[in-house]
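Examining the three-dimensional arrangement
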Amino acid sequence: MPTYVKDSSNLISLPSGLETPFEAQSDYITPNDQFFVCSASDTPRIDAETWTMTVAGDGVGRAITLSYRDLMAMPHKTVPAYLECAGNHRRLFEDVLGEPLNRRPLMTEVKWGLGGVGMAEWSGARLRDVLRQAKIRDSAYHVCPVGLDVGLEDADGIRVPMPVTKAMHPDTLIALTMNGDPLPPDHGFPARLIVPGWVGTYSIKWLGRIDVTTAHQWVYRNTELYVLAGDDWPVDASAPSKGAPITEQTIKSSLALPWPAELSPGPHRLHGWARSPDAEIVSVEWSVASDETWHEAEICSPNHRWAWVRFELEWEATTGTHELLTRASDKAGRTQPDRVPFNDGGYLFNMVHPHPVHVR
């Protein structure tokens with residue numbers, strides 16, 4: 001089993017986090033037993049033989065109920081996609097920008113470092129195929145998966161709605177397998193949603209039903225929890241939500257090194273991982289902060305729309321304390337910013353950040 005880092009400061013009003021040290025991410029595919037875990041409550045134990053999932057609401061022409069065998073019998077698609085918590089890198093708001101966290105009343109944030117992310121091959125039925133079975137209406141507005149896990153935020157199951165356009169995307173899946181194996185219990189067995197390119201909260205685990213409505217759905221996760229709020233985020237623009245609801249991930253890159261890292265003097269071949277919400281990575285650059293000169297890193301892995309890429313660089317380490325920087329750009333024209341505005345939840349930190357390295 002891997003060594004996880006469990007944050008002990010979170011309150012029951014927020015998820016618990018099991019973080020895989022980012023320096024342990026050496027393979028393109030993260031093994032199932034090393035994949036980070038983020039859950040709102042204890043893992044439910046579900047019998048696939050008796051489990052069913054319903055699709056209902058005024059946004060469909062008929063309600064349907066599907067069993068595990070029904071989903072297994074449908075055409076399947078495999079999508080390589082990274083999954084990342086919206087709060088991954090949250091700790092860097094404090095460590096790099098000096099912005100103290102925990103500014104939301106009654107909430108203590110999970111202080112994710114770099115390891116709230118993993119990469120897997122997910123396989124299952126397309127969500128749109130299931131919605132078409134239920135005769136989704138042209139007037140449908142929101143598709144809201146509901147999990148069988150229960151948290152204080154919602155006694156009827158964890159949920160977060162998405163627009164019909166994202167639900168009907170051919171790569172949005174009801175996943176039944178992870179890296180070729182049935183979903184592990186901690187990752188949603190028997191069925192979970194996978195919403196590529198969007199923050200992890202939309203990939204609801206332990207699916208129990210899917211509510212399709214013709215009206216906008218406001219729930220805890222898109223009004224209070226996963227929102228961008230604070231001094232730089234005016235509330236009025238997002239009412240009735242307390243901030244701008246978070247959907248898409250941001251472009252990021254980080255070195256797979258301990259924080260801070262300790263190296264010996266001399267040549268080192270270092271690696272890291274870069275990813276974008278919905279486009280291939282076209283370049284990763286790196287620099288030593290004191291040099292202000294950028295160099296091209298080598299991309300050394302497959303490069304897919306929803307997946308991360310491995311990059312490598314050669315660095316001649318000299319004695320002293322250094323800060324290494326990496327900067328990713330994608331096919332859609334995005335590049336990591338030099339700075340990001342703070343938000344009270346500590347979400348979507350993706351600025352070019354200095355990675356401290358001590359060479360002794």
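Residues numbered from 1 in each chain as written. Predicted model: local features only at pLDDT ≥ 70, side-chain atom pairs only at ≥ 80, totals over all residues. Heavy atoms only, no water.

To continue, consider the overall build of the protein chain. Broken down by element type, the protein chain carries 5 helices and 24 strands. For 360 residues, the compact-globule formula gives about 21 Å, and the C-alpha radius of gyration of the protein chain, at 21 Å, lands near that figure. Each of the 360 residues in the protein chain was classed as buried or not, and the buried ones make up 58%. Partitioning the contacts of the protein chain with sequence separation of at least 6, the portion at a separation of at least 24 is 73%. Carbon together with sulfur atoms contributes 51% to the accessible area of the protein chain, which is approximately 14,600 Å² in total. Looking at the protein chain, you have 32 positive and 46 negative side-chain charges, and the mean spots of the two groups are 6 Å apart. (Helix = DSSP H or I, 4+ residues; strand = E, 2+ residues; numbered from the N terminus. Rg over C-alpha atoms; globule rule 2.2 N^0.38 Å. Buried < 20%, exposed > 50% of the residue type's maximum accessible area, 1.4 Å probe, protein only. Contact = heavy atoms within 4.5 Å. Areas by Shrake-Rupley, 256 points an atom, 1.4 Å probe, with all protein chains shown as cover. Lys, Arg positive; Asp, Glu negative; His and termini not counted. Charge placed at Lys NZ, Arg CZ, Asp CG, Glu CD.)

Residue position: Ser254 is located in strand S16 (residues 252-255). Reaching out from Ser254, the side chain makes a polar contact with the side chain of His353 at a distance of 3.3 Å. (Polar contact = N/O pair within 3.5 Å; in protein donor to acceptor, adjacent residues only side chain to side chain.)

Quick look at the sheet that holds strand S23 (residues 320-330) now. The mixed open sheet is built from 5 strands, whose spatial order is S17-S24-S23-S19-S20. The open sheet has two edge strands, strand S17 (261-263) and strand S20 (295-296), and neither has a second partner. The pairing of S23 with strand S24 (residues 355-359) spans 5 bridges and is antiparallel. Note on S24: the bridge partner recorded for Thr321 is His358. (Pairing = 2+ DSSP bridges.)

So, on to the pattern of salt bridges. Summed over the entire model, instances satisfying the criterion amount to 21 salt bridges. Here Glu84 ties to Arg275 by a salt bridge, and the two come within 2.8 Å at their closest N and O atoms. Taken together, the positions of Glu84 in strand S6 (residues 76-84) and Arg275 in strand S18 (residues 266-275) put the pair 191 residues apart, joining distant regions of the chain. The two residues Glu84 and Arg275 agree in class, both being buried. Put simply, Glu109 and Arg104 hold a salt bridge, and the shortest N to O gap is 3.1 Å. For the residue pair Glu109 and Arg104, the accessibility class agrees, reading buried in each case. Put simply, Arg269, Glu298, Arg310, Glu312 and Glu314 are held in one network by salt bridges that share partners. (Salt bridge = Lys/Arg side-chain N within 4 Å of Asp/Glu carboxyl O.)

This part covers the pairing of strand S7 (residues 117-126). Counted residue by residue, S7 has 8 buried out of 10 residues, so it is predominantly covered. Two strands pair when backbone bridges link them, and S7 and strand S10 (residues 173-178) are joined in this way by 5 bridges, in the antiparallel orientation. Residue pairing across strands places Ala125 opposite Ile174, the latter belonging to S10.

In the case of a regular strand, side chains alternate between the two sheet surfaces. A large share of S10 lies buried, amounting to 6 of its 6 residues. In the sheet, S10 pairs with strand S12 (residues 192-194) via 3 bridges, with the strands oriented antiparallel. From the neighbouring strand, Leu173 faces S12, where its bridge partner is Ile194. In terms of strand pairing, S10 meets strand S11 (residues 181-182) through 2 bridges, oriented antiparallel. Looking at the pairing, Met178 lines up with Asp181 of S11. Hairpin remark: S10 followed by S11, antiparallel, with 2 residues in the connecting loop; positive phi at Asn179, about 55°.

Right, let's talk about the packing of aromatic side chains for a bit. Aromatic ring pairs: the centre-centre distance and the angle between the two ring planes describe each pair. Applying the stated criterion across every chain, the model contains 9 aromatic pairs. With a centroid separation of 6.0 Å and 55° between ring planes, the pair formed by Tyr68 and Phe189 is classed as tilted. Of the two residues, Tyr68 is situated in helix H1 (residues 68-73) and Phe189 in the loop between S11 and S12; the sequence distance between them amounts to 121 residues. By the ring-pair criterion, three or more aromatic residues cluster together here, those being Phe35, Phe36, Trp112 and Trp122. Above the ring of Trp294, the side-chain terminus of Arg327 is found at 3.9 Å from the ring centroid. (Phe/Tyr/Trp six-rings, centres within 6.5 Å; stacked < 30°, edge-to-face > 60°. Lys NZ or Arg CZ within 6 Å of the ring centre and 35° of its normal.)

Pairing is antiparallel in the open sheet, where 4 strands are placed in the order S16-S18-S22-S21. In this open sheet, the two edge strands, each paired with only one partner strand, are S16 and strand S21 (298-299). Summarising the sheet, S18 and strand S22 (residues 309-317) pair through 9 bridges and their orientation is antiparallel. Bridged to Arg269 within S22 is Glu314.

In this section: the nonpolar core. Residues Val55, Leu71, Leu131 and Ile174 are the most contacted members of the largest nonpolar core, which totals 47 residues. Only strand S4 (52-56), strand S5 (64-67), H1, helix H3 (127-133), helix H4 (164-167), S10, strand S13 (207-213) and helix H5 (220-225) provide two or more residues apiece to this core. Dropping the residues within four chain positions of it, Ile174 is found in contact with Met53, Leu71, Ser123, Gly124, Ala125, Leu127, Val130, Ala191, Arg192, Leu193, Leu207 and Ile210. (Core = buried A, V, L, I, M, F, W, Y, C linked by side-chain atoms within 4.5 Å.)

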